[in-house]
Amino acid sequence: MIELNDVSYSYEGIPALKHIGLRIEKGESVALMGVNGSGKSTLLKLLNGIIFPDGGEYRFAGESITRKKMQDPVFSKRFHQRIGFVFQNSDTQLFCSDVYDEIAFGPRQMGMDESEVEKRVEDCLALLNIRDFRHRQPYHLSGGEKKKVAIACVLALNPEVLVFDEPLNGLDPRTQRWFVSFLIQLHESGKTLISSTHDLEMVQEIAGRAVLFDENHTISADKPAQELLEDTELLKKANLIDEYYHRHPGSGHQHFHIHPF
Amino acid sequence: MPEWLLKDENYQPLPDRDTFIDKSILSLLRILSRIRAQSGYTGGKYSVHAPWKVAGTFLLIVLLSLSRNLWFLAAVGAYLLAALSMMPAERILRILKTGLVIAFFSFLVLLPSFFMGNRYSLVMIPLKTLATVTAVGILSHTTGWHCVTGALKSFFIPDIFIFVLDITIKYIVLLGELSLDLFYSLKLRSVGKNTGKYSSLSGIAGTLFLRSKEMAEDMYSAMECRGFTGSYRVRRRFRFTAADFLYVMVHAAFIAIFVYLG
């Protein structure tokens with residue numbers, strides 16, 4: 001479904017991605033792991049056709065995605081319908097006057113009649129458990145609620161691939177748990193999921209495969225998630241886990257400790 | 001899971017004209033990358049200090065506007081070309097392009113005066129405009145924004161005014177990045193025919209307004225917590241270098257040429 005061949009990208013001469021080769025099949029759930037600045041978010045932007053590679057090729061469903069091709073409005077709109085992106089900062093994704101209109105924005109553009117739009121919006125509201133917010137302004141919602149509305153907006157387009165940039169950032173533990181279960185549900189329903197994260201626990205639960213980015217903006221490992229999570233040496237090298245002096249409260253017990261998940 | 005979510009969407013989009021999104025994204029990217037490039041520019045170890053550059057540019061603008069002598073204009077033009085030649089080609093093009101476009105507009109505006117017999121203005125004013133815009137362009141492309149605002153301290157501009165300028169530049173970048181993400185999001189979610197393009201734009205403007213209000217309130221609270229009492233002191237570090245001396249001499253020469261030529 002998604003194929004990256006020797007893709008590189010740089011921001012005004014500063015490299016963000018170097019010689020990335022990646023293949024993601026339909027129905028897979030892939031976690032992109034790596035420290036801040038390793039190129040995960042840039043890759044997500046590239047997958048969504050926001051930016052284009054300086055070198056190499058990006059293919060989606062057999063079609064090469066280039067700047068020229070994305071200038072064709074019909075091709076570009078179909079592409080954006082097939083791959084949905086949930087931004088890290090939900091504030092940037094919400095611009096309508098209330099939650100209902102926000103979710104209905106995509107289906108209305110797809111030319112559905114209002115009853116069909118209403119059904120789709122109601123389904124999304126129910127699925128994300130945000131029925132009560134239907135007529136509220138997105139701007140006045142809490143962080144977790146905004147995230148749910150942002151996901152609902154993308155889901156309403158029924159994309160085949162869902163891309164999440166740091167989905168657990170800024171969410172309280174209860175919403176995080178809900179979110180992980182929701183991603184599992186989505187994956188079971190056949191959606192292809194791509195998530196960038198630092199949260200190793202989330203990787204273990206939602207991803208079948210994990211791709212590790214290193215500080216040189218290249219892929220240092222691409223393995224089944226469980227196998228990668230057990231490779232503590234590699235995770236330590238990638239700065240995703242650390243070993244430190246540690247005291248357990250009350251016990252007076254001190255030792256070096258590795259936190260893998 | 002609703003049934004429609006379990007099936008692939010059989011959807012063929014209708015063509016729609018929404019190039020305004022791409023154009024807005026491009027212009028925002030251009031502004032942000034320009035501010036970023038300028039903020040990172042320190043000018044190097046041997047460059048002229050910002051206060052001299054600001055004063056020199058101001059002096060040139062005043063002398064240019066007062067002068068009625070074509071030779072003086074030619075001398076300033078030669079100096080500006082020499083200064084431009086030391087810059088990267090991309091910046092030279094950008095500065096000259098802006099200057100030529102503005103000079104051309106002033107030429108168009110003054111064109112009727114040519115038919116009224118005032119040939120002098122038709123030549124002098126566009127040339128003065130070109131030289132003035134080029135001088136400002138050179139200043140802005142060789143001096144970081146923070147250096148320019150910091151240089152104002154030397155001209156006895158109140159610290160609080162400098163502070164407001166610094167904060168303004170900071171929030172132009174922050175809100176610019178936010179609006180860029182909003183436009184990206186609008187582009188990604190525009191998967192068909194958007195009948196309410198203007199309402200999407202007003203939604204983006206509204207979100208930006210609310211966000212800027214929130215940022216302003218947060219900053220006010222943060223400043224209160226940090227003990228801000230209304231006074232802000234800008235530190236001035238200054239050492240007169242050989243480059244500064246040369247720059248001052250060149251500009252002193254311009255004053256002499258101006259007085260001599262009139």
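On a predicted model such as this, the values are computed, not experimentally measured, just so you know. (Residues numbered from 1 in each chain as written. Chains lettered and ligands numbered in written order. Predicted model: local features only at pLDDT ≥ 70, side-chain atom pairs only at ≥ 80, totals over all residues.)

## Overview of the overall build of chain A
When helices and strands are tallied, chain A shows 10 helices and 12 strands. Here the C-alpha radius of gyration of chain A, 20 Å, is about what a compact globule of 261 residues would show, namely 18 Å. Out of the 261 residues belonging to chain A, those deemed buried represent 44%. Once local pairs closer than 6 in sequence are excluded, the contacts in chain A between residues at least 24 apart make up 64%. (Helix = DSSP H or I, 4+ residues; strand = E, 2+ residues; numbered from the N terminus. Rg over C-alpha atoms; globule rule 2.2 N^0.38 Å. Buried ≥ 20, exposed ≤ 12 C-beta atoms within 10 Å, placed from the backbone. Contact = placed C-beta atoms within 7 Å.)

## Considerations on the packing of helix α5 (residues 89-115) of chain B against helix α6 (residues 119-142) of chain B
Residues and elements named next belong to chain B. Relative orientation of the contacting elements α5 and α6 amounts to 155°, with a least axis distance of 8 Å. If you check the angle between α5 and α6, you find them roughly antiparallel. For the pair α5 and α6, the sense of crossing is right-handed. Contacts between α5 and α6 involve Arg91, Ile95, Thr98, Gly99, Leu100, Ile102, Ala103, Ser106, Phe107, Leu110, Ser113 and Phe114 from the first element and Arg119, Ser121, Leu122, Ile125, Pro126, Thr129, Leu130, Val133, Thr134, Gly137, Ile138 and His141 from the second. Residue composition of the contact of α5 with α6, by class: 13 nonpolar, nine polar and two charged. (Axes fitted to C-alpha atoms, helices over the stretch in contact; angles between N-to-C directions. Parallel < 35°, antiparallel > 145°, perpendicular 65-115°, else oblique. Left-handed = near helix turned anticlockwise from the far one by under 90°. Nonpolar A, V, L, I, M, F, W, Y, C, P; charged D, E, K, R; others polar.)

## Remarks on the sheet that holds strand β3 (residues 29-33) of chain A
All names here are of chain A. The strand order across the open sheet formed by six strands is β6-β7-β8-β3-β9-β10, and the pairing between neighbours is mixed. Of all the strands in the sheet, just β6 (83-86) and β10 (219-224) have a single pairing partner and so form its edges. The average angle at which neighbouring strand axes cross in this sheet is 15°, direction not considered. Sheet topology places β3 next to strand β8 (residues 192-197); five bridges connect them, and they run parallel. Pairing of Ser29 across the sheet is with Leu193, part of β8. Along the sheet, helix α6 (residues 143-155) contacts β6 and β7 (161-165); its crossing angle with β6, the most-contacted strand, is approximately 170°. (Pairing = 2+ DSSP bridges.)

## Things to note about the environment of A:His140
Tracing the chain through its elements places A:His140 in the loop between α5 (114-127) and α6. C-alpha separation for the pair A:His140 and A:Asp98, spaced 42 residues apart in sequence, amounts to 9.9 Å.

## Section: the packing of helix α4 (residues 70-85) of chain B against helix α10 (residues 242-261) of chain B
Residues and elements named next belong to chain B. Interhelical geometry of α4 versus α10 gives an angle of 165° and a closest axis separation of 10 Å. In terms of axis orientation, α4 runs roughly antiparallel to α10. Between α4 and α10 lies a crossing whose hand is right-handed. Of the residues in α10, those in contact with Trp71, Phe72, Ala75, Val76 and Tyr79 of α4 are Val250, Phe254, Ile257, Phe258 and Leu261. Residue composition of the contact of α4 with α10, by class: 10 nonpolar, no polar and no charged.

## Overview of the interface of chain B and chain A
Taken together, the contacts link 32 residues of chain B with 35 residues of chain A. Secondary-structure elements contributing two or more residues to the side of chain B that touches chain A are α1 (3-6), α8 (159-189) and α9 (197-225) of chain B. The leading source of residues in the side of chain B that touches chain A is α8(B), at eight residues. Split by residue class, the side of chain B that touches chain A holds 17 nonpolar, eight polar and seven charged.

## Things to note about the pairing of β10(A)
Residues and elements named next belong to chain A. One ladder, built from five bridges, connects strand β9 (residues 209-213) with β10; its direction is antiparallel. Of the residues in β10, the one forming a bridge with Ala210 is Lys223. What sits between β9 and β10 in their antiparallel hairpin is a turn of five residues, with His217 showing a positive phi close to 65°.

## Overview of the sheet that holds strand β4 (residues 55-60) of chain A
All names here are of chain A. Pairing in this open sheet of four strands is antiparallel, and the strands run β2-β1-β4-β5 from one edge to the other. Looking at which strands have only one partner, the edges of the open sheet turn out to be β2 (14-24) and β5 (63-64). Of the pairings in the sheet, the one linking β4 to β5 comprises two bridges and is antiparallel in character. Its bridge partner lying in β5, Arg59 is registered against Ser64.

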